[in-house]
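The residues making up each chain are set out below.
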Amino acid sequence: RDARMAWWHAARYGMFIHWGVYSVPAGVWQGKPVDGAGEWIMHDARIPVEEYKQLPARFDPMQFDAHTWVSLAKAAGMKYIVITAKHHDGFAMFDSKANAFNIVDATPFKHDPLRALADEAKRQGIKFGVYYSQDQDWTAPGGAAIGGHWDKAQDGDFATYLQTKAIPQIKELLAKYHPAVLWFDTPTREMTPQLAAEIVKLLDQYPQLIWNNRLGGGYAGDTETPEQHIPPQGFPGKDWETCMTINDTWGYKSADTDFKSTTVLLRNLVDIASKGGNYLLNVGPDARGVIPAAEAERLQTIGQWLKINGES
Ligand code: JFZ
């Protein structure tokens, strides 16, 4: 196996963090609960681009504390974190010069949580990774939307979106935060082999970078990403990582209290580890910047068990 994958393979367990302006509506739009995952609210409630773009003005996560989050990951026994740098809604959770729809330029908060988390992860000795929705982007003209666009403001050319937003932002992420992992998602047919090759050219400049199998354009990437399930035989001969939610959403939803028990989560970890995979377990911080207590408690209990029974 590739030496580059050694830390990742040994890590076994990581924290996925879905955090964005969708934590403000938290699964409720115009007083009504919206079905589906919290981070899909713009899509599922067919929110017009102009309206969605009002959300950052109400996003001021004053209680965000990188030290608290990274300490929780460590206490849980996790060896890496992967946070949404930009999800399908197109809102960048980092200081982006390439596009102003970002947390520094568009919110009263004005801070860059990715900077703080990357620095804190380094300080505490765990790896830092980012999720980036390279294909779907519901607020940028030309960005893809699974199921189709619902607002004229989304019209545009996908290749132009890639050249003017996604590729510049991927460049920024790689250059400024030196992520160990780049986690792509939901490729559509718009991501042709030629367009994907443009992105791969960038990735190839970072020979230590690990990226997943969701870029599109026919690229297999480094890791298989079974979602919400554990393949009964694992993926023999492949590096793989099951990503999973603690409740039924990735991004925070105030009404979702369907939390898996600590026992189930721990058994999943042991099951995955026994099959040679990694467990990327998600938390969905709220609009104040707080990881829900029910999630934090479960992670802490798992960490206590690992301290006694796990390998460190
Ligand atoms: C995607 C996203 O749409 C979702 O919001 C979240 O970020 C998740 C981690 O990834 O959702 C998917 C992607 C792939 C599958 C299912 C949901 N899949 O392969 O079954």
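Nothing here was measured: the structure is a model prediction, and the numbers come from that model.

(A) Structural context of the packing of aromatic side chains. Taken as a whole and judged by the stated rule, the model has 18 aromatic pairs. Here the aromatic rings of tryptophan 7 and tyrosine 80 are separated by 5.6 Å at their centres, their planes lie at 80 degrees, and the arrangement is edge-to-face. In this pair, tryptophan 7 sits in helix α1 (residues 6-11) while tyrosine 80 sits in strand β4 (residues 80-86), placing the two residues 73 residues apart along the sequence. Where tryptophan 19 meets phenylalanine 64, the ring centres are 5.4 Å apart and the plane angle is 25 degrees; that geometry is what we call stacked. One end of the pair, tryptophan 19, is in the loop between β1 (13-17) and β2 (28-29); the other, phenylalanine 64, is in the loop between α3 (49-52) and α4 (66-76), with 45 residues separating them in the sequence. What makes tryptophan 19 buried here is its relative accessible area of 0%. Here the aromatic residues Phe16, Tyr131, Trp183 and Trp250 are joined through ring pairs into a cluster of three or more. Geometry around phenylalanine 101 places lysine 53 over its ring, the cationic atom sitting 5.4 Å from the centre.

(B) Expanded view of the pattern of salt bridges. In the structure shown here, the tally under the stated rule is 13 salt bridges. In this structure, aspartate 95 and lysine 97 form a salt bridge, with 3.2 Å as the shortest nitrogen-oxygen distance. With its nearest N and O atoms 3.6 Å apart, the salt bridge here joins lysine 238 to glutamate 224. Of this pair, lysine 238 sits in the loop between β7 (210-211) and β8 (241-245) while glutamate 224 sits in the loop between β7 and β8; the two residues are 14 residues apart in sequence, bridging distant segments of the chain. Judged by relative accessible area, which is 18%, glutamate 224 ranks as buried.

(C) Inspection of the site of the ligand at higher detail. Close to the ligand lie Phe16, His18, Glu39, Trp40, His87, His88, Tyr131, Asp185, Thr186, Arg214, Glu227 and Trp250. Histidine 88 has a polar side-chain atom sitting 2.8 Å from an oxygen atom of the ligand. Contact between the ligand and tyrosine 131: an oxygen atom at 3.4 Å from a side-chain N or O atom of the residue. Contact with the protein chains hides 68% of the accessible area of the ligand, taken as 450 Å² for the molecule alone.

(D) Representation of the nonpolar core within the structure. With 99 residues, the main nonpolar core has Leu114, Phe128, Leu182 and Leu299 as its most contacted residues. Top element by residues in this core is helix α7 (residues 158-177). It accounts for nine residues.

(E) Focus on the side chain of threonine 139. Tracing the backbone shows threonine 139 in the loop between β5 (127-132) and α7. Threonine 139 sits in the buried class, given a relative accessible area of 6%. In this structure the side chain of threonine 139 is engaged in a polar contact, spanning 2.7 Å, whose partner is the backbone oxygen of aspartate 89.

(F) Local environment of the environment of threonine 249. Mapped onto the elements of the fold, threonine 249 is located in the loop between β8 and α9 (262-274). Overall, the relative accessible area of 3% leaves threonine 249 in the buried class. Every residue in contact with threonine 249, bar those within four places of it in the chain, is listed here: Ala37, Gly38, Glu39, Asp256 and Asn282. A polar side-chain atom of threonine 249 sits 2.6 Å from the main-chain carbonyl oxygen of glycine 251.

(G) Representation of the sheet that holds strand β9 (residues 278-283) in the model. Ordered in space as β7-β6-β5-β4-β1-β9-β8, the seven strands form an open sheet in which the pairing is parallel. This sheet does not close on itself; its edge strands, each paired only once, are β7 and β8. By the bridge criterion, two bridges tie strand β6 (residues 181-184) to β7 in an arrangement that is parallel. Within β7, the position partnered with leucine 182 by the bridge is tryptophan 211. Against the sheet, α7 contacts β4, β5 and β6, and its axis sits at roughly 175 degrees relative to β5. α9 rests against β1, β8 and β9 of the sheet, and its axis sits at about 150 degrees to β9.

About the criteria used
Residues numbered from 1 in each chain as written. Predicted model: local features only at pLDDT ≥ 70, side-chain atom pairs only at ≥ 80, totals over all residues. Heavy atoms only, no water. Phe/Tyr/Trp six-rings, centres within 6.5 Å; stacked < 30°, edge-to-face > 60°. Helix = DSSP H or I, 4+ residues; strand = E, 2+ residues; numbered from the N terminus. Buried < 20%, exposed > 50% of the residue type's maximum accessible area, 1.4 Å probe, protein only. Lys NZ or Arg CZ within 6 Å of the ring centre and 35° of its normal. Salt bridge = Lys/Arg side-chain N within 4 Å of Asp/Glu carboxyl O. Near = heavy atom within 4 Å. Polar contact = N/O pair within 3.5 Å; in protein donor to acceptor, adjacent residues only side chain to side chain. Areas by Shrake-Rupley, 256 points an atom, 1.4 Å probe, with all protein chains shown as cover. Core = buried A, V, L, I, M, F, W, Y, C linked by side-chain atoms within 4.5 Å. Contact = heavy atoms within 4.5 Å. Pairing = 2+ DSSP bridges. Axes fitted to C-alpha atoms, helices over the stretch in contact; angles between N-to-C directions.

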